[in-house]
Amino acid sequence: GAFTEKQEALVSGSFEAFKQNIPHLSILFYTSILEKAPAAKGLFSFLKDSDGVPHDNPKLKAHAEKVFELTRDSAAQLRAKGEVVLPDAISKHLGSVHAEKGVTDPQFVVVKEALLKTIKEAVGDKWSEELSAAWGIAYDELAAAIKKAMS
Ligand code: HEM
């Protein structure tokens with residue numbers, strides 16, 4: 001079915017909650033990724049040489065913010081036109097970065113689970129299945145666009 005205005009509002013509202021607390025939430029996000037996919041550590045320039053997940057690393061915070069922001073943008077696109085279309089330059093760039101790193105389908109699932117867990121922490125008692133499902137749909141569509149650009 002179509003992505004609704006309500007779903008978009010749930011995603012954009014909780015993105016704002018995420019933005020309020022990026023230092024804490026970005027660490028939770030990467031900790032959760034590495035718990036399920038320890039091998040992913042070596043892929044990230046800002047993780048590979050550190051013991052655990054570094055606190056106060058600007059690159060780590062910027063990257064986490066980008067992933068959540070692009071997912072929020074995807075929710076807006078899904079509501080407005082029913083699909084996620086990345087601008088050409090961004091599509092090429094994200095396709096080549098992830099292809100070069102050899103990112104796999106199971107890793108995309110791990111990142112999705114980490115994102116949903118992080119949003120749950122961000123919104124506290126405002127969390128609902130509907131909220132989580134809306135993020136999940138937006139992420140899946142974005143991931144599909146990146147995977148297409150990788151191939
Ligand atoms: C880099 C977004 C999924 C691993 C990036 C960059 C963005 C991004 C914006 C920065 C590109 C640049 O250098 O300018 C996303 C989005 C994803 C996603 C929106 C899902 C929808 C994944 C997954 C993995 C991954 C599943 C693997 C676990 C990486 C790595 C880099 C990167 C290793 C390079 C980071 C560095 O060392 O600086 N991603 N990504 N990404 N991504 Fe993703």
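All of the points below concern the structure found in this document. (Residues numbered from 1 in each chain as written. Predicted model: local features only at pLDDT ≥ 70, side-chain atom pairs only at ≥ 80, totals over all residues. Heavy atoms only, no water.)

Some details on unusual backbone geometry
Leaving glycine out, the prevailing phi sign among residues is negative, and the prevailing peptide bond configuration is trans. Stated formally: The helix count covers DSSP runs of H or I at least four residues long, the strand count covers runs of E at least two residues long, and both are numbered beginning at the N terminus.
Backbone geometry at aspartate 56 places phi at a positive 65 degrees, although glycine is not the residue there. Within the secondary structure layout, aspartate 56 lies in the loop between helix H2 (22–36) and helix H3 (58–81).

Section: the packing of aromatic side chains
We count it as follows: Pairing of aromatic side chains requires ring centres within 6.5 Å, counting the rings of Phe and Tyr and the six-membered ring of Trp. Pairs whose planes differ by under 30 degrees are stacked, by over 60 edge-to-face, and all others tilted. Burial classification: accessible surface area is computed with a 1.4 Å probe over protein chains only, and a residue below 20% of its type maximum counts as buried, one above 50% as exposed, and the rest as partly exposed. In our convention, an over-ring charge means Lys NZ or Arg CZ found within 6 Å of a ring centre and within 35 degrees of that ring's normal.
One pass over the full model with this rule turns up eight aromatic pairs. Between phenylalanine 29 and tyrosine 30, the ring centres sit 5.1 Å apart and the planes meet at 65 degrees, which makes this aromatic pair edge-to-face. On the accessibility criterion, phenylalanine 29 (1% relative accessible area) is buried. On the basis of an interplanar angle of 40 degrees and a centroid distance of 5.4 Å, the ring pair of phenylalanine 44 and phenylalanine 46 is categorised as tilted. Taken together through their ring pairs, the aromatic side chains of Phe15, Phe18, Phe29, Tyr30, Phe44, Phe46, Phe68 and Trp135 make up a single cluster. Above the ring of tryptophan 127, the side-chain terminus of lysine 120 is found at 4.3 Å from the ring centroid.

So, the packing of helix H1 (residues 5–19) against helix H6 (residues 129–150)
Rule in force here: In this analysis, axes come from line fits to C-alpha atoms, helices being fitted only over the stretch in contact, and the angle between any two N-to-C directions falls in the range 0 to 180 degrees. In this scheme, roughly parallel covers angles under 35 degrees and roughly antiparallel covers those over 145, while 65 to 115 is roughly perpendicular and the rest are oblique. Contacts: residue pairs with any heavy atoms within 4.5 Å of one another. Ten residues, namely Ala, Val, Leu, Ile, Met, Phe, Trp, Tyr, Cys and Pro, are considered nonpolar, four, namely Asp, Glu, Lys and Arg, are considered charged, and the remaining ones, Gly among them, are considered polar.
Contact pair H1 / H6: the axes reach a minimum separation of 9 Å and the direction vectors enclose 90 degrees. In terms of orientation, H1 and H6 fall into the roughly perpendicular class. Listed contacts from H6 to Lys6, Gln7, Leu10, Val11, Ser14 and Phe15 of H1 are Glu130, Leu131, Ala134, Trp135 and Ile137. In terms of residue class, the contact of H1 with H6 is built from seven nonpolar, two polar and two charged.

Looking at the site of the ligand
Quick note on the threshold: One heavy atom within 4 Å of a molecule or strand makes the whole residue count as near it. Residues adjacent in sequence count toward polar contacts only when both atoms are side-chain atoms; beyond that, a polar contact is any pair of N or O atoms within 3.5 Å, and within protein one must be able to donate a hydrogen and the other to accept it. Using a 1 Å grid laid over the protein atoms alone, points where a 1.4 Å probe fits but cannot get out form a cavity; open sets with protein on both sides within 12 Å along at least 5 of 7 lines form a pocket; any residue with an atom within 4 Å of a point counts as lining. Here the criterion for a molecule occupying a pocket or cavity is that more than half of its atoms lie within 2 Å of the pocket grid points.
Close to the ligand lie 19 residues, the nearest being Ser45, His63, Lys66, His93 and His98. Between the ligand and the protein, one listed contact pairs an oxygen atom with a backbone N or O atom of serine 45 at 2.7 Å. The side chain of histidine 98 places a nitrogen or oxygen atom 2.8 Å from a nitrogen atom of the ligand. Because more than half of its atoms lie within 2 Å of the grid, the ligand is assigned to the largest pocket. Going through the elements one at a time, H3, helix H4 (88–101), helix H5 (105–123) and H6 are the ones with two or more residues in the shell around the ligand. For the shell around the ligand, the element with the highest residue contribution is H4, accounting for five residues.

Considering the nonpolar core
This is how it is decided: Only buried Ala, Val, Leu, Ile, Met, Phe, Trp, Tyr and Cys residues count toward a nonpolar core, and they belong to the same one when joined by side-chain atoms within 4.5 Å.
Counting 45 residues, the largest nonpolar core has Phe29, Tyr30, Ile33, Leu47, Phe68, Leu115 and Trp135 as its most contacted members. Looking at this core, the elements that each hand over two or more residues are H1, H2, H3, H5 and H6. Considering each element in turn, this core owes the most residues, nine residues, to H6. Look past the residues within four positions of leucine 47 in its chain and what remains in contact with it is Tyr30, Leu34, Lys41, Val53, Pro54 and Leu60.

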